[in-house]
Structures are given as C-alpha cells and as structure tokens.
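Tertiary structure, described
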Amino acid sequence: MSKKRAVISAFGKYAPKRVLTNSDLEKMVDTTDAWIRTRTGIVERHIVAEGEATSQMSIQAFADMQKRFPIDPEEIDLIVVATVTPDMFFPSTAALIQNGIGAKSAFGFDVSAACSGFLYALVIATQFIENGQYKKILVFGADTMSSIADYTNRDTCVLFGDGAGVVLLEAADDNGTSGIFDHILKMDGAGKDFLYMLGGGSLHPATHETVDQKMHYVYQEGKTVFKFAVSRMAAVSEELLNRNSLTGKDIAIFIPHQANKRIIDACVDRMNLKPEQVLLNIDRYGNTTSATIPIGLVESYDDGRIKEGDIVLFSAFGAGFTWGSILIRWGHLRHA
Ligand code: UT7
C-alpha cells in the first residue's frame, strides 16, 4: 500500500470588518504610530464587533473556504481548533464550530499552544490522516486577542489583532511526494513566567479581585520573549531544513508567525531568504496568535506565490514557550 500524506486541499480566512489603526491607538494610550511601525511593523489590526467571538470568526473562515473550494460539511470527520481565546472554557470551540457549519459526522477538540497552536493542531491532524483513520479534517487557527488585551496598557494592546483561518487536510495517494512531509515541535515550560494570562483558570478563578488586578489580560515581558523568539524560531527552521537536506534556496515561501517584523527579519537573515520568499502581513493584521499562519497561507496563494510542487515552510514561536516548524510540498488542491 502506498504511503499516505496529508495535503492541504482547501483553505479560507476571515478578519473582522472593524479596523483599529495606530493613529486610533495614539488616542487611547501613550504611543505613536512611528514607535509601533518601527518596533513591530504593525500599521493596523482587525477587531471583532460586539458579540462576535472566536467560533463566529472561524465559521466565517469556513464560509470563505466554501466559496473557494465547495465541500459538503457532512463529509468532515474531525475539527481541530487552535486557540487561546475560546468563546468559553467549555464546550470547546470545535463543538461550537461543528454545530455552526453543520458538520454532523465530525468530532473535534481545541488545542492550546498559543502562537504555535496552528502548527501543533496541524501536526495532530496529520497523524490521523497518515494512519488512515480519517479522510477529511478541518484545522482552524483562530483568536480574539482583543478580548484579553488591556487597552490602557501600551506594552501589549498595540500588538494584537483578531482573525481566523482554516485549512482542509485530506490524504493524497501519490507515494508521499506531496503534502506535509516533516515537522519539529518544541516546548520549554520555563517560559511560563514571560507570557501568560493569569486570571480565570483553576489557579485564579474569576473574582472581583482578579478583575481589579487586571489578571484577565495578556501579560508579556516583551524583551525576553523577543530574544527567545528570534533564536528559537530561526534554529528550529534551520534544523528542519538541514535534516531534509534543504537550504533557504529550496523554499518557495516562508510563512512565519507574525508577532514582530524584526523577529521575522532575523529568521530570514539566518536562512538567507530573499524578501520575495517571505510572507509578511503583520502591517495589516498585527499578531492574531493562532491565525497568523493560516491567514498568511491564504494570502500567499491569492498573490500567486504558491504553486504545485513548491516547498512551503511554516514557523512559529509563542507562549509556553512553544515553537516549531513544518515543511510542506504543495499540491492536490480541490477543484474550485
Ligand atoms: O507572539 C507571541 C510571542 N511574542 C513575541 O514574539 C513578541 C516579542 N516581543 C516584541 O515583539 C517586542 O519586545 C515588543 C514589540 C513587545 C517591545 O519592543 P522592544 O523593542 O522590546 O521595546 P521594550 O519593551 O524594550 O521597550 C522600549 C521602550 C520602553 O521605554 P523606556 O523604558 O526605554 O523608556 C517602553 O516603555 O519603549 C516603550 N514602549 C512604548 N513606547 C511607545 C513600550 N511599548 C510602547 C508603545 N509605544 N506601544
């Protein structure tokens, strides 16, 4: 029997209509457009409407996928959702999406790995395809970061945006020549002290005090996270390329997590990539956590930057710390 590989056969994205610009933020906190642009690369970000949350954005991303590559939702076997901003602790966002899109035959679950969440979810889903157990899996990366951003704290509120992306994974019977062909995922829990949200979990259940102490907002020690992100993301990407006897020249497009343009630039230098090999859209979205890579993938395809047979590299770093990279040989899109 030929080896089965998981291929990304369809995809979609969604960003809320409302746009929050750097000049809007200048009116809210002590910051400047120049500081945000030069220190992060961000110009604007999308923010949900009142009552809109992670499951609805995901359902909209699925609707975008449906327009591009129609599929009967009842054919879906499994839904995996990467998010750190679920609509609620339970039921899972996967359950809300399953109900919302009418994926009656699917089961599903959420994955929590912050900015690396989409990579973790994609690797999990890939195992189910490769072992032959399931045929069609939706993998979402979706986060409503505005729900945990403190819009009185300039250290963090300028960084984040809201968004969702989805890919459909299917099996390809081509003897393993296309699809997701290697990955490395890593974690170092010692990073727990530098990027977190303390409140609302079992350690600090919600009380008036936790709210007063702003424990339900994201906290980040930016400089420390920056240093780890630069070294770990570049190292894991190189390790993955090396063990596949590839170099930067072999990569058609590098789609990195979009947390800071300076982090991406450092990785790009280390791999000797040219600007045309790199997806950069942080200027328009900010850091959408789990959604950066699937949104970047859709935009790369729409811009004609990914073609059949191309090698695509994903890479991310985030809270935990978690980080990793995935290599894909592009092919087997569903017919639009
Ligand atoms: O996605 C998950 C992983 N997250 C990341 O990868 C993010 C990693 N970290 C970063 O991207 C950067 O560290 C930040 C963008 C968060 C901060 O940039 P930085 O160059 O590390 O700045 P800093 O925190 O060292 O702050 C430099 C100065 C400080 O002022 P002083 O102490 O030098 O007077 C800050 O108070 O910039 C100040 N500052 C700001 N000024 C204007 C911090 N935030 C702002 C702001 N506007 N929004």
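Residues numbered from 1 in each chain as written. Predicted model: local features only at pLDDT ≥ 70, side-chain atom pairs only at ≥ 80, totals over all residues. Heavy atoms only, no water.

1. Concerning the sheet that holds strand β12 (residues 311–318)
Read across the sheet, four strands follow the order β8-β13-β12-β11 without closing on themselves; strand pairing throughout is mixed. At either margin of the open sheet sits one strand with a lone partner, and together these are β8 (179–187) and β11 (253–256). Sheet twist, expressed as the mean angle between neighbouring strand axes with direction ignored, is 10°. Bridge count for β11 against β12 is four bridges, and the pairing is parallel. Its bridge partner lying in β12, Pro-256 is registered against Ser-315. On top of the sheet, helix α5 (residues 117–130) reaches β8, β12 and β13 (322–329); it is set at about 130° to β8, its chief contact. Seen against the sheet, helix α11 (residues 292–302) touches β11 and β12 and runs at an angle of roughly 150° to β11. (Pairing = 2+ DSSP bridges. Helix = DSSP H or I, 4+ residues; strand = E, 2+ residues; numbered from the N terminus. Axes fitted to C-alpha atoms, helices over the stretch in contact; angles between N-to-C directions. Contact = heavy atoms within 4.5 Å.)

2. Observations regarding the site of the ligand
Around the ligand there are 24 residues in total, and Thr-31, Arg-39, Lys-223, Asn-260 and Asn-287 lie nearest to it. One of the side-chain N or O atoms of Arg-39 is found 2.8 Å from an oxygen atom in the ligand. In the model, an oxygen atom of the ligand is placed 2.9 Å from a nitrogen or oxygen of the Arg-154 side chain. At the level of secondary structure, the elements contributing two or more residues to the shell around the ligand comprise α2 (33–40), α6 (154–157), α8 (222–243) and α9 (261–270). A total of five residues in the shell around the ligand trace back to one element, the largest contributor, which is α8. Partitioned by chemical class, the residues of the shell around the ligand number eleven nonpolar, seven polar and six charged. When residues are assigned to domains, the shell around the ligand turns out to be shared by domain 1 (6–171) and domain 2 (179–329), each giving three or more. (Near = heavy atom within 4 Å. Polar contact = N/O pair within 3.5 Å; in protein donor to acceptor, adjacent residues only side chain to side chain. Nonpolar A, V, L, I, M, F, W, Y, C, P; charged D, E, K, R; others polar. Domains from an automatic or database assignment.)

3. Description of the packing of aromatic side chains
Per the stated rule, a full pass over the model turns up 14 aromatic pairs. Ring geometry for Phe-228 against Phe-321: centres 5.0 Å apart, planes inclined by 40°, an arrangement best described as tilted. Here Phe-228 is found in helix α8, whereas its partner Phe-321 is found in the loop between β12 and β13, with 93 residues between them in sequence. A centroid spacing of 6.5 Å and a plane angle of 40° characterise the contact between Tyr-301 and Trp-330, whose relative ring orientation is tilted. In this pair, Tyr-301 sits in helix α11 while Trp-330 sits in the segment after β13, placing the two residues 29 residues apart along the sequence. Through a chain of ring-to-ring contacts, three or more aromatic side chains come together here, namely Phe-194, Phe-228, Phe-317, Phe-321 and Trp-323. (Phe/Tyr/Trp six-rings, centres within 6.5 Å; stacked < 30°, edge-to-face > 60°.)

4. Describing the nonpolar core
Ile-79, Leu-138, Leu-169 and Phe-314 are the most contacted members of the largest nonpolar core, which has 57 residues in total. Among the elements that take part in this core, α5 stands out by supplying eight residues, more than any other. Two domains each put at least three residues into this core: domain 1 (6–171) and domain 2 (179–329). If we ignore the near neighbours within four places in the chain, the residues touching Ile-79 are Ala-94, Gln-98, Ile-101, Ala-103, Ala-106, Phe-107, Gly-108, Phe-109, Leu-138 and Phe-140. (Core = buried A, V, L, I, M, F, W, Y, C linked by side-chain atoms within 4.5 Å. Buried < 20%, exposed > 50% of the residue type's maximum accessible area, 1.4 Å probe, protein only.)

5. Let's talk about the pattern of salt bridges
Under the counting rule described, the total for this entry stands at 17 salt bridges. Note that Arg-270 and Glu-238 form a salt bridge whose closest N and O atoms lie 3.1 Å from each other. In this pair, Arg-270 sits in helix α9 while Glu-238 sits in helix α8, placing the two residues 32 residues apart along the sequence. A relative accessible area of 39% places Arg-270 in the partly exposed class. By sharing partners, the salt bridges in this structure join Glu-75, Lys-136, Glu-170 and Arg-334 into a single network. (Salt bridge = Lys/Arg side-chain N within 4 Å of Asp/Glu carboxyl O.)

6. Looking at the environment of Lys-104
Here Lys-104 is to be found in the loop between α4 (93–101) and β5 (107–111). Residues Lys-104 and Glu-74 lie 30 residues apart in sequence; the distance between their C-alpha atoms is 5.4 Å. Residues in contact with Lys-104, not counting those within four places in the same chain, are Glu-74 and Gln-98.

7. Side note on the state of the cysteines
All chains considered together, the criterion is met by zero disulfides. Free cysteine: Cys-157, not disulfide-bonded; nearest cysteine sulfur from Cys-115 at 16 Å. Among the residues examined, Cys-157 registers a relative accessible area of 0% and is labelled buried. (Disulfide = S-S within 2.5 Å.)

8. Some remarks on the domain arrangement of the protein
Domain boundaries in the protein define domain 1 (6–171) and domain 2 (179–329). Centre-to-centre, using C-alpha coordinates, domain 1 lies 14 Å away from domain 2. Residue-level contacts link 54 residues of domain 1 with 48 residues of domain 2. The junction of domain 1 with domain 2 conceals about 3900 Å² of combined surface from both sides, 66% of it contributed by carbon and sulfur atoms. Taken together, the connections running from domain 1 to domain 2 amount to three salt bridges. Across the pair Asp-150 and Lys-214 runs a salt bridge, and its minimum N-O distance is 3.5 Å. Run the count over domain 1 and domain 2 and you get 20 residue pairs in polar contact (both at pLDDT 80 or more). When residues of the side of domain 1 that touches domain 2 are traced back to their parent elements, those giving at least two are β1 (5–14), α2, β3 (44–47), α5, β6 (136–144) and β7 (162–172). Broken down by element, the side of domain 1 that touches domain 2 gets its largest block of residues, nine residues, from α5. Residues that form the side of domain 1 that touches domain 2 fall into these classes: 29 nonpolar, 16 polar and nine charged. (Buried area = accessible area lost by both parts, 1.4 Å probe.)

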